[in-house]
Amino acid sequence: MAQRHFDEELAELKNKLARMAGLAEDQIDKALAALVTRDSALACRVIERDHKVNALDVEIDEACIELLALHQPAAHDLRLVTTAMKISTELERISDLSENISERAIELNEEPQLKPYIDIPRIGNLARVMVKESIDAFVKEDSKLARKVLVDDDLVDDLMEQLFRELLSFMMENPHTISRAIRLSFVAKYLERMADHATNIAELVVYLVEGKIIRHTSPQVPL
Amino acid sequence: MDVMELPHLESPEDRVWPKLLKAETRALSFSYGNRLALKNVSVPIAEYKITALIGPSGCGKSTFLRCFNRMHDLYPGTRYEGEILLHPGSRNILARDVDPIEVRMRLAMVFQKPNPFPKSVYENVAYGLKVRGLTDRRALEEKVEQALRSAALWEEVKDRLSAQATSLSGGQQQRLCMARALATDPELLLLDEPTSALDPIATANIEELLLDLKQRVTILIVTHNMQQAARVSDWTAFMYLGELVEFGLTKQLFTNPSKKQTEDYITGRFG
């Protein structure tokens, strides 16, 4: 009978993580909207809401420690609990980055818009989809989907590089644009970091499903 | 590490096998009456390592262990097939020309419940040595002290060596049985659920002892306690219905078993 309770607790752990991921995705959406629509009030709300994600991070950590101490899980159960602990940290950092984007948005909104925002929403959307797909892969234990996320990370890196070159040209042409261009390149960097966190989650999902650690392996390793 | 080194132990294809063996069974089958209790079991026993046998009740793990010292020979109507090789020398201890007494001289066994002889602490440990013909008092005393030290019991009993063994606590009695087993310098120590009758502290003492002992003696342990197998063993064999389901490095078997049956058993979903 204890097994049934344990299974329920594992299912609840997955639910909590999915809820945390939903909140983190929403934070990304709202942070990007605050930047693109120049809505500082919305940016402030994102900053205020970060504590909710932090609270879930602590809650998930505690649940995992309790499961490890009381049930001493093995095999797939063990991989699920340890993976959940790590994914929760990744999501918490993703949410911190949304907070950082919101802070830069508030600063940018105090000056005229440097340029129409085209690439940043594209990178943002890609990063958000990567986060969503990595979490979907976790919930469904789908390592194929997780491996797709790993490939998508290269797209984000390419776009980020392209945007950086564009912002550099702005700064070289007109030094008055430097503070805004630097803030925008920070935003791009935050989004690129988000995609990296999604990649970490995807790698953890591959470990969960296949028992293979693919982190820090050379790029030649077949995906 | 005495295994065939592979850079990563990540997938079932990467599974490793012990290289230096103290013993191994080859296609071992065992039956009593009409009942086939072991079916074609081949397990390597790595030298100076702890190999754990796990599996649900009735899976044949104790039967397997008892084949090693030919304990089943004491009962009529039993039948072995296959081989149990003891290395070095690859001596098949099931061969017709092998005397079970000779086999038992090379191995030692400790059972689930402590079973000291109704004699003094000293006599319990000295017994096997005397049977082997050691009579010199000083040499006997030295060996007894050495065995009691190996079993982490010396400090507790050095002032009461003439006390009855049954006056010791359960945990001490079990360590005394270990000392008795170790006194004759066995090549292979067979343990049949040695801590199942002990409290957690006595269990922890025995587990610590096993980890120290494996520097000197190869250990094969049957345990119902999966956490114990995970904590102390280097290699684990999972048996079910008299067959070997999976054998592998303990750290691999408990984190990423290759068979679903193993996964279900170690995660408590059957058995």
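Residues numbered from 1 in each chain as written. Chains lettered and ligands numbered in written order. Predicted model: local features only at pLDDT ≥ 70, side-chain atom pairs only at ≥ 80, totals over all residues. Heavy atoms only, no water.

1. Here's the deal with the overall build of chain A
The test is simple: Helix and strand definitions follow DSSP, with helices as H or I runs of at least four residues and strands as E runs of at least two, each counted in order from the N terminus. Here the globule rule is a power law, 2.2 Å times the number of residues to the power 0.38, and the radius of gyration is based on C-alpha atoms. Each residue is assigned to one of three classes by its accessible area relative to the maximum for its type, calculated with a 1.4 Å probe on protein chains only: buried under 20%, partly exposed between the two thresholds, exposed over 50%. Here a residue-residue contact requires only that any non-hydrogen atoms of the pair lie within 4.5 Å. Only the protein chains shown count as cover for residues, and the accessible areas themselves come from Shrake-Rupley with a 1.4 Å probe.
Across its full length, chain A carries 6 helices and 0 strands. Ordering the α and β elements of chain A from the N terminus gives α-α-α-α-α-α. Here the C-alpha radius of gyration of chain A, 19 Å, is about what a compact globule of 223 residues would show, namely 17 Å. Seen through its C-alpha atoms, chain A measures out along the principal axes to roughly 70 × 40 × 20 Å. Here chain A, with 223 residues, has 48% of them falling under the buried criterion. Of the contacts made within chain A by residues no fewer than 6 positions apart, 83% connect residues no fewer than 24 positions apart. Of the accessible surface of chain A, which amounts to about 10,400 Å², a share of 56% is contributed by carbon and sulfur atoms.

2. Let's talk about the layout of surface pockets
With a probe scaled to a water molecule rolled over the atoms, the places where space remains empty come into view. For the record, the criterion: Space inside and on the surface of the protein is sampled on a 1 Å grid over the protein atoms alone, with a cavity defined as a set of points where a 1.4 Å probe fits but cannot get out and a pocket as an open set with protein on both sides within 12 Å along at least 5 of 7 lines; lining residues have an atom within 4 Å of a point. Grid points are joined across faces, edges and corners, and a volume is the space filled by probe spheres set on the points. All amino acids are sorted into three groups, where Ala, Val, Leu, Ile, Met, Phe, Trp, Tyr, Cys and Pro are nonpolar, Asp, Glu, Lys and Arg are charged, and the leftover types, Gly among them, are polar.
As a volume, the largest pocket reaches approximately 650 Å³. If you trace the largest pocket, you find 19 residues lining it, with B:Arg104, B:Leu107, B:Ala108, B:Met109 and B:Phe117 closest to the centre. Secondary structure elements with two or more residues in the lining of the largest pocket: α2 (100-106), β7 (107-110), α3 (121-131) and α6 (170-182) of chain B. In this structure, the second largest pocket is lined by 21 residues; those nearest its centre are A:His71, B:Gln227, B:Ile266, B:Thr267 and B:Gly268. Secondary structure elements with two or more residues in the lining of the second largest pocket: α1 (2-36), α2 (40-71) and α3 (75-108) of chain A together with α8 (226-232), α9 (250-255) and α10 (260-266) of chain B. Looking at the lining of the second largest pocket residue by residue, the classes come out as 12 nonpolar, 8 polar and 1 charged.

3. Side note on the interface of chain A and chain B
Here is the rule: In short, buried area is how much 1.4 Å probe accessible area vanishes from two parts on joining, totalled over both. Basic side-chain nitrogens of Lys or Arg form a salt bridge, by our definition, when they fall within 4 Å of a carboxyl oxygen of Asp or Glu. Any pair of nitrogen or oxygen atoms within 3.5 Å is treated as a polar contact; in protein, a donor-acceptor pairing is required on top of that, and neighbouring residues in sequence qualify only through side-chain atoms on both sides.
Taken together, the 15 residues of chain A in the interface contact 12 residues of chain B. Between chain A and chain B, the buried area comes to about 1,100 Å², and carbon and sulfur atoms account for 43% of it. It is A:Gln3, A:Ala74 and A:Ala75 that lose the most area in chain A upon contact with chain B, and together they represent 35% of the buried surface on that side. A salt bridge links B:Arg269 to A:Asp77; the shortest N-O distance between them is 2.7 Å. Our count for the chain A to chain B interface comes out at 8 residue pairs in polar contact (both at pLDDT 80 or more). Listed by contribution, the elements that provide at least two residues to the side of chain A that touches chain B are α1 and α3 of chain A.

4. Here's the deal with the sheet that holds strand β10 (residues 235-240) of chain B
Residues and elements named next belong to chain B. Note the threshold: When DSSP locates at least two bridges between a pair of strands, those strands are taken to pair. Comment: axis = line fitted to C-alpha atoms, over the contacting stretch for helices; angle = value between 0 and 180 degrees taken between N-to-C directions.
Pairing is mixed across the open sheet formed by 6 strands, whose spatial order is β7-β8-β9-β4-β10-β11. Two strands lie at the open edges of the sheet, namely β7 and β11 (243-249), each paired on one side alone. The sheet shows a mean angle of 15° between the axes of neighbouring strands, direction not considered. Bridge analysis of β10 against β11 gives 6 bridges, and the strand direction is antiparallel. Bridging from a neighbouring strand, Met239 pairs with Leu244 of β11. Where α6 meets the sheet, its contacts fall on β7 and β8 (188-192), and the angle it forms with β7 comes to roughly 170°. Of the strands in this sheet, β4 (50-54), β8 and β9 (218-222) touch helix α7 (residues 200-213), which is tilted by about 145° from β9.

5. Observations regarding helix α1 (residues 61-68) of chain B
Three or four residues apart is the spacing at which side chains of an α-helix point the same way, because the helix has 3.6 residues per turn. Within α1(B), 6 of the 8 residues are buried, which leaves the element mostly enclosed by the surrounding structure. Immediately downstream of α1(B), the backbone of B:Arg70 shows phi near 55°, a positive value.

6. Describing the pattern of salt bridges
All names here are of chain A. Applying the stated criterion across every chain yields a total of 39 salt bridges over all chains. Put simply, Glu192 and Lys189 hold a salt bridge, and the shortest N to O gap is 2.8 Å. Here Glu192 and its partner Lys189 are both found in helix α6 (residues 178-210), 3 residues apart, which amounts to about one turn of the helix. Ionic contacts of the salt-bridge type, sharing partners, join the residues Glu103, Arg104, Glu107, Glu111, Arg180 and Arg183 into one network.

7. Re empty space enclosed by the protein
Residues and elements named next belong to chain A. Across all of its chains, the model carries 1 cavity of 30 Å³ or more by this definition. Roughly 30 Å³ of internal volume is contained in the largest cavity. Taken together, Lys115, Tyr117, Ile118, Ile120, Leu163, Leu167 and Leu184 make up the full set of residues lining the largest cavity. Residue composition of the lining of the largest cavity, grouped by class: 6 nonpolar, no polar and 1 charged.

8. Observations concerning the packing of aromatic side chains
Aromatic ring pairs are reported here in terms of the distance separating the ring centres and the angle at which the planes meet. Residues and elements named next belong to chain B. Cut-off, in case you're wondering: Two aromatic rings, drawn from Phe, Tyr or Trp (for Trp, its six-membered ring), form a pair once their centres lie within 6.5 Å of each other, and the interplanar angle then sorts them: stacked below 30 degrees, edge-to-face above 60, tilted otherwise.
For the coordinates displayed, the defined rule picks out 8 aromatic pairs over all chains. Aromatic side chains Phe30 and Tyr80 sit 5.1 Å apart centroid to centroid with 50° between the ring planes, which places their arrangement in the tilted category. Taken together, the residues span a long stretch of sequence, with Phe30 in strand β1 (residues 21-32) and Tyr80 in strand β5 (residues 78-86) at a distance of 50 residues. With a centroid separation of 5.4 Å and an interplanar angle of 0°, the aromatic rings of Trp235 and Phe247 are classed as stacked.

9. Points about the packing of α3(A) against helix α4 (residues 119-140) of chain A
Residue and element names in this part refer to chain A. This is how the line gets drawn: Note on angle classes: values under 35 degrees are labelled roughly parallel, values over 145 roughly antiparallel, values of 65 to 115 roughly perpendicular, and the remainder oblique. In this scheme, a crossing is called left-handed if the near helix is turned counterclockwise away from the far one by less than a right angle; it is called right-handed if the turn is clockwise.
Running from N to C, α3 and α4 cross one another at 165°; their axes reach a closest spacing of 12 Å. The angle between the axes of α3 and α4 places the two elements in the roughly antiparallel class. α4 is crossed by α3, and the crossing has left-handed handedness. Of the residues in α4, those in contact with Leu80, Thr83, Ala84, Ile87, Leu91 and Ile94 of α3 are Val131, Ile135 and Phe138. Here the contact of α3 with α4 is built from residues that sort into 8 nonpolar, 1 polar and no charged.

10. Thoughts on the confidence of the model for chain B
Condition: Confidence of the predictor at the level of single residues is given by pLDDT, which spans 0 to 100.
In this model, chain B carries a mean pLDDT of 91, and residues with pLDDT of at least 70 account for 94%. Contacts from residues 1-13 of chain B, a stretch scored under 50 in pLDDT, to residues over four places away or in other chains number 32 contacts.

11. Description of the nonpolar core
In globular proteins that are soluble, nonpolar side chains generally tend to be buried together. Residue and element names in this part refer to chain A. The criterion, for reference: Buried Ala, Val, Leu, Ile, Met, Phe, Trp, Tyr and Cys residues form a nonpolar core when they are joined through side-chain atoms within 4.5 Å.
Counting 63 residues, the largest nonpolar core has Ile87, Leu91, Ile120, Phe138, Leu191 and Met194 as the members making the most contacts within it. Those elements that place two or more of their residues in this core are α1, α2, α3, α4, α5 (143-173) and α6. Element by element, the count of residues in this core is highest for α6, at 15 residues. Contacts of Leu91, omitting those with residues within four sequence positions, involve Leu17, Met20, Ala21, Ala24, Val53, Val131, Ile135 and Ile201.

12. Regarding the pairing of β4(B)
All names here are of chain B. For β4, the buried fraction is high: 5 of the 5 residues fall into the buried class. Here β4 shows a buried face lined by Ile50, Ala52 and Ile54 and a second buried face lined by Thr51 and Leu53. With 4 bridges connecting them, β4 and β9 associate as parallel partners. Opposite Ile50, over in β9, you have Ile219 as the bridge partner. Looking at chain direction, β4 and β10 are connected through 4 bridges and run parallel. The partner of Ala52 across the bridge, within β10, is Thr236.

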